[in-house]
Amino acid sequence: MCLGIPGQVISIEDAGRKLATVEVAGVKRQINLACVVDDAHPVERCVGEWVLIHVGFAMARISEQEARTTLQILEELGSAQGELEAMNDPASAREA
Amino acid sequence: MKYVDEFRDGRKAAGLIARIEHLVARIGRAAGRPIAIMEVCGGHTHSIFRYGIEGMLPAGIELIHGPGCPVCVLPMGRIDDCVAIAEQPQVIFTTFGDAMRVPGSRKNLLQARADGADIRMVYSPMDALALARKHPDRDVVFFGLGFETTMPSTAFTILQAESEGVANFSVFCNHITIVPTIKAILDSPDVQLDGFLGPGHVSMVIGTSPYEFIARHYGKPLVVAGFEPLDILQSIWMVLKQISDSRAEVENQYARVVTTGGNSAALRAITRVYEIRPFFEWRGLGSVDHSGIRIRDCYARFDAERRYAVPGVSIADPSACQCGEVLIGAIKPYQCKLFGTACTPERPLGALMVASEGACAAHYQYGGAGKVSAA
Ligand code: SF4
């Protein structure tokens, strides 16, 4: 929950509500882009970009290299799997 | 240095450790006691244990594992409130999975679910809002918790519920804020701290400027750090360098994610929806002034606390628990009388055992490398 997980924005679902689809280590999921867009960087510009996602919200735009390193750290910490399961189907995620 | 090989860049790690040793020797001779650096963030605690960073550091430096795991510091009374809300027949209670096993005084959320309460784990508050749309005849409550990292997500979800006119959705707000808590720790008479590793993802939201008072008024260095073991080593070195140069500043090692001003869209949403509470209770630390936030009056209809008139009783932690002393660094996790016996990750008594970001659970899982092997 606190460490978040990096993902790549692959498409915009609803520009008005700032909703996009991201792909995180093969898992696709709808997230909210409201915290990483503004007039200078509209929703459409995010496609292809990497973001750091916390509980369904993109909280920072990051470089691809930062995304890959972060994912590797999360895997080593044993945090990536639980996060991905929760994204996919929270009911099956580990409860710890 | 048995873990250095695991690092992406072992040579860089070894170089940083050598530079840390050099500075610790220089500063330690002058201070005559170990240099104490607190990592405020539970993510750092987890990473420090996972990579055995304490075992790589020279004897003259100590890492104090701070209160930065929002699940760990939830007091029992708030869990009892959750159970009370969840047990109302019309309620669907939604929560992050992390919170399911935090002990309450009667039961935790897992037990409440087994007893028939409709409790569902969600990944995001947006999922809870989706459940509310799907079940207009039920009341969906989301258990909002976490530091500033997760605050924007519940704020935006409340704004979304308002704009759609969703009437059966509310948030039980337990968000907490780290800066007043660092201040409380600095004001507590038992602590001896020489510097801080600042939280990475909280700072991504709030920026680095809110920490300025720590440098200015308390004369302590703070370095906002990333989560990679190399980030942590480099940040420790940066804190030591400041001490050695007799400087106290806020520095940003994690500039690839964190800016001085923070995330303005996130901060705007937080300010719009939330206001500071006069005080909030933390497990282990007790009541800390201005450390919690609540939903503003104009969004009262999305506030589960008002909707359900929660019991709100303050319940003392079991008296043998020493979580408070561990949280401020007065004792090490393994020095708690309950550690590993009455209190284990399978059956946590204190909250620091609940999540892997908690000092006790991290210590239990990975053991103390090197100099903390006295356990
Ligand atoms: S061992 Fe358990 S009771 Fe003791 S400090 Fe740690 S979490 Fe608290």
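As the structure is a prediction and not an experimental result, all values here were calculated from the model.

1. A closer look at unusual backbone geometry
Residues and elements named next belong to chain A.
Line of reasoning, step 1. If you check the backbone angles, Ala25 has positive phi at about 45 degrees while not being a glycine.
Line of reasoning, step 2. Considering the arrangement of structural elements, one finds Ala25 in the loop between strand S2 (19–24) and strand S3 (27–32).
Line of reasoning, step 3. Given the relative accessible area of 49%, Ala25 is considered partly exposed.
Line of reasoning, step 4. Within the chain, Val55 stands out as a residue other than glycine whose phi angle is a positive 40 degrees.
Line of reasoning, step 5. By the secondary structure assignment, Val55 is in the loop between strand S4 (50–54) and strand S5 (57–62).

2. Here we look at the domain arrangement of chain B
All names here are of chain B.
Line of reasoning, step 1. Taken domain by domain, chain B holds domain 1 (28–69 + 180–244), domain 2 (76–178 + 261–307) and domain 3 (323–366).
Line of reasoning, step 2. Here the C-alpha centroids of domain 1 and domain 3 sit 20 Å apart.
Line of reasoning, step 3. Of the roughly 1,300 Å² buried between domain 1 and domain 3 on both sides combined, carbon and sulfur atoms contribute 67%.
Line of reasoning, step 4. Our count for the domain 1 to domain 3 interface comes out at 1 salt bridge.
Line of reasoning, step 5. At the surface where domain 1 touches domain 3, the tally comes to 3 residue pairs in polar contact (both at pLDDT 80 or more).
Line of reasoning, step 6. Among the secondary structure elements, those contributing two or more residues to the side of domain 1 that touches domain 3 are helix H2 (42–50) and strand S2 (61–68).
Line of reasoning, step 7. In terms of residue class, the side of domain 1 that touches domain 3 is built from 8 nonpolar, 7 polar and 4 charged.

3. Things to note about the pattern of salt bridges
Residues and elements named next belong to chain B.
Line of reasoning, step 1. Under the definition given, this model contains 28 salt bridges over all chains.
Line of reasoning, step 2. One salt bridge connects Lys107 with Asp115, and the closest N-O pair in it is separated by 2.8 Å.
Line of reasoning, step 3. By relative accessible area, Lys107 is classed as buried at 14%.
Line of reasoning, step 4. Residue Asp115 is classed as exposed on the basis of its relative accessible area of 55%.
Line of reasoning, step 5. Its salt-bridge partner being Arg301, residue Glu162 comes within 3.9 Å of it at the nearest N-O pair.

4. Observations regarding the sheet that holds strand S5 (residues 139–146) of chain B
All names here are of chain B.
Line of reasoning, step 1. The strand order across the open sheet built from 4 strands is S4-S3-S5-S6, with neighbouring strands paired in parallel fashion. Edge positions in the open sheet fall to strand S4 (119–121) and strand S6 (169–175), since each of these has one partner strand only. Each adjacent strand pair in this sheet contributes to an overall mean axis angle of 25 degrees, direction not counted.
Line of reasoning, step 2. When strand S3 (residues 91–95) meets S4, the two strands line up parallel, connected through 3 bridges.

5. Re the interface of chain B and chain A
Line of reasoning, step 1. Listed by partner, the interface residues are 46 residues for chain B and 35 residues for chain A.
Line of reasoning, step 2. Across the chain B to chain A interface the summed buried area is about 3,400 Å²; carbon plus sulfur atoms make up 63%.
Line of reasoning, step 3. Its largest share of buried area at the contact with chain A, chain B owes to B:Met121, B:Tyr123 and B:Met126, together 23% of the area lost on that side.
Line of reasoning, step 4. Along the contact surface separating chain B from chain A lie 3 salt bridges.

6. Points about the packing of aromatic side chains
Residue and element names in this part refer to chain B.
Line of reasoning, step 1. Inspection of every chain in the model, using the stated rule, returns 8 aromatic pairs over all chains.
Line of reasoning, step 2. With 6.1 Å between their ring centres and 85 degrees between their planes, Phe227 and Tyr254 make a pair best called edge-to-face. Residue Phe227 is found in the loop between strand S8 (222–224) and helix H11 (229–244), and its partner Tyr254 is found in the loop between strand S9 (250–252) and helix H12 (264–273); the two are separated by 27 residues along the sequence. In this pair, the class of Phe227 matches that of Tyr254, namely buried.
Line of reasoning, step 3. Here a set of aromatic residues connected by ring pairs shows up, and it is made of Phe93, Phe143 and Phe172.
Line of reasoning, step 4. One cation-aromatic arrangement involves Arg19 over Trp237; the distance from NZ or CZ to the ring centre is 4.2 Å.

7. Quick word on the pairing of S3(A)
Line of reasoning, step 1. Direction of pairing for S2(A) relative to S3(A): antiparallel, over a ladder of 6 bridges. Bridged to A:Val24 within S3(A) is A:Val27.

Rules behind the numbers
Residues numbered from 1 in each chain as written. Chains lettered and ligands numbered in written order. Predicted model: local features only at pLDDT ≥ 70, side-chain atom pairs only at ≥ 80, totals over all residues. Heavy atoms only, no water. Helix = DSSP H or I, 4+ residues; strand = E, 2+ residues; numbered from the N terminus. Buried < 20%, exposed > 50% of the residue type's maximum accessible area, 1.4 Å probe, protein only. Domains from an automatic or database assignment. Buried area = accessible area lost by both parts, 1.4 Å probe. Salt bridge = Lys/Arg side-chain N within 4 Å of Asp/Glu carboxyl O. Polar contact = N/O pair within 3.5 Å; in protein donor to acceptor, adjacent residues only side chain to side chain. Nonpolar A, V, L, I, M, F, W, Y, C, P; charged D, E, K, R; others polar. Pairing = 2+ DSSP bridges. Axes fitted to C-alpha atoms, helices over the stretch in contact; angles between N-to-C directions. Contact = heavy atoms within 4.5 Å. Phe/Tyr/Trp six-rings, centres within 6.5 Å; stacked < 30°, edge-to-face > 60°. Lys NZ or Arg CZ within 6 Å of the ring centre and 35° of its normal.

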